[in-house]
Amino acid sequence: MDSSSSDVIAATLIALVVGLAFIAGCAVYYGRQISSRRIPMQWDTDGQPAWFAPRLVGLWFSFGVTAALSVFLLVLALHAPQKLTALIVATISVIGANMWVQVYHLRRVIRWQAEAPAN
């Protein structure tokens, strides 16, 4: 692996650390506003929760998915350097998408909780 490939992987690792820090920060920040022991993980077409997960899982699921997929893609990049660019783009896409998903999901949970305070 040449130095330019190493630089790209290093930059991707920095993006991963920043993305995971953002997702963890959202879990802590929004988690303080969520008091329910079980939180919705998905909503039906009518806007009602389809299924629930324990609070800890709901807050940290996106972090775990981002970490696992990113590590998998980075390992593939190390073993298939000819596909480095595509794998790095996929890794950055996973990180960015899960950052957005974390914010959207937790804000939606807070809105649900405000609308149904008995939960």
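Right above here is the structure, for reference.
What counts and how
- Residues numbered from 1 in each chain as written.
- Predicted model: local features only at pLDDT ≥ 70, side-chain atom pairs only at ≥ 80, totals over all residues.
- Heavy atoms only, no water.
- Helix = DSSP H or I, 4+ residues; strand = E, 2+ residues; numbered from the N terminus.
- Buried < 20%, exposed > 50% of the residue type's maximum accessible area, 1.4 Å probe, protein only.
- Contact = heavy atoms within 4.5 Å.
- Patch = residues over 30% accessible without salt bridge, like charges linked within 9 Å, V, L, I, M, F, W, Y side chains within 5 Å.
- Areas by Shrake-Rupley, 256 points an atom, 1.4 Å probe, with all protein chains shown as cover.
- Salt bridge = Lys/Arg side-chain N within 4 Å of Asp/Glu carboxyl O.
- Axes fitted to C-alpha atoms, helices over the stretch in contact; angles between N-to-C directions.
- Parallel < 35°, antiparallel > 145°, perpendicular 65-115°, else oblique.
- Nonpolar A, V, L, I, M, F, W, Y, C, P; charged D, E, K, R; others polar.
- 1 Å grid on protein atoms, 1.4 Å probe; cavity = no way out; pocket = protein on both sides within 12 Å on 5 of 7 lines; lining within 4 Å.
- Points joined across faces, edges and corners; volume = space filled by probe spheres on them.
- Pairing = 2+ DSSP bridges.

## A look at the environment of M41
Tracing the chain through its elements places M41 in strand β1 (residues 38-43). Judged by relative accessible area, M41 falls into the buried class, the value being 17%. It is 9.5 Å that separates the C-alpha atoms of M41 and P54, two residues lying 13 residues apart in sequence. Among all residues touching M41, those that are not within four sequence positions of it are W51, F52, A53, G58, F61 and H105.

## Some remarks on a nonpolar patch on the surface
Taken together, the side chains of V28, L56 and W60 make up a nonpolar region of the molecular surface, amounting to roughly 280 Å² of accessible area. Turning to its location among the elements, L56 is positioned in helix α2 (residues 55-79). Residue classification places L56 among the exposed residues on the basis of a relative accessible area of 61%.

## Observations regarding the packing of α2 against helix α3 (residues 84-115)
For the pair α2 and α3, the least separation of the axes is 9 Å and the interaxial angle reads 180°. Here α2 lies roughly antiparallel to α3, going by the angle between them. Where α2 abuts α3, its residues G58, L59, S62, V65, T66, L69, S70, L73, L74, L76 and A77 lie against L84, L87, I88, A90, T91, V94, I95, N98, Q102, H105 and L106. Residue classes in the contact of α2 with α3 are distributed as 14 nonpolar, eight polar and no charged.

## Observations concerning the layout of surface pockets
Once rolled over the atoms, a probe with the size of a water molecule shows which space is left empty. Roughly 210 Å³ of internal volume is contained in the largest pocket. As for the largest pocket, its lining consists of M41, Q42, W43, W51, G58, F61, S62, V65, N98, V101, Q102 and H105. Residue composition of the lining of the largest pocket, grouped by class: six nonpolar, six polar and no charged.

## Describing the pairing of strand β2 (residues 49-54)
One ladder, built from five bridges, connects β1 with β2; its direction is antiparallel. Bridge assignment links Q42 to a residue of β2, and that residue is W51. Joining the antiparallel neighbours β1 and β2 is a turn of five residues, in which G47 adopts a positive phi near 90°.

## Focus on the side chain of H105
Within the secondary structure layout, H105 lies in helix α3. The class for H105 is buried, based on a relative accessible area of 10%.

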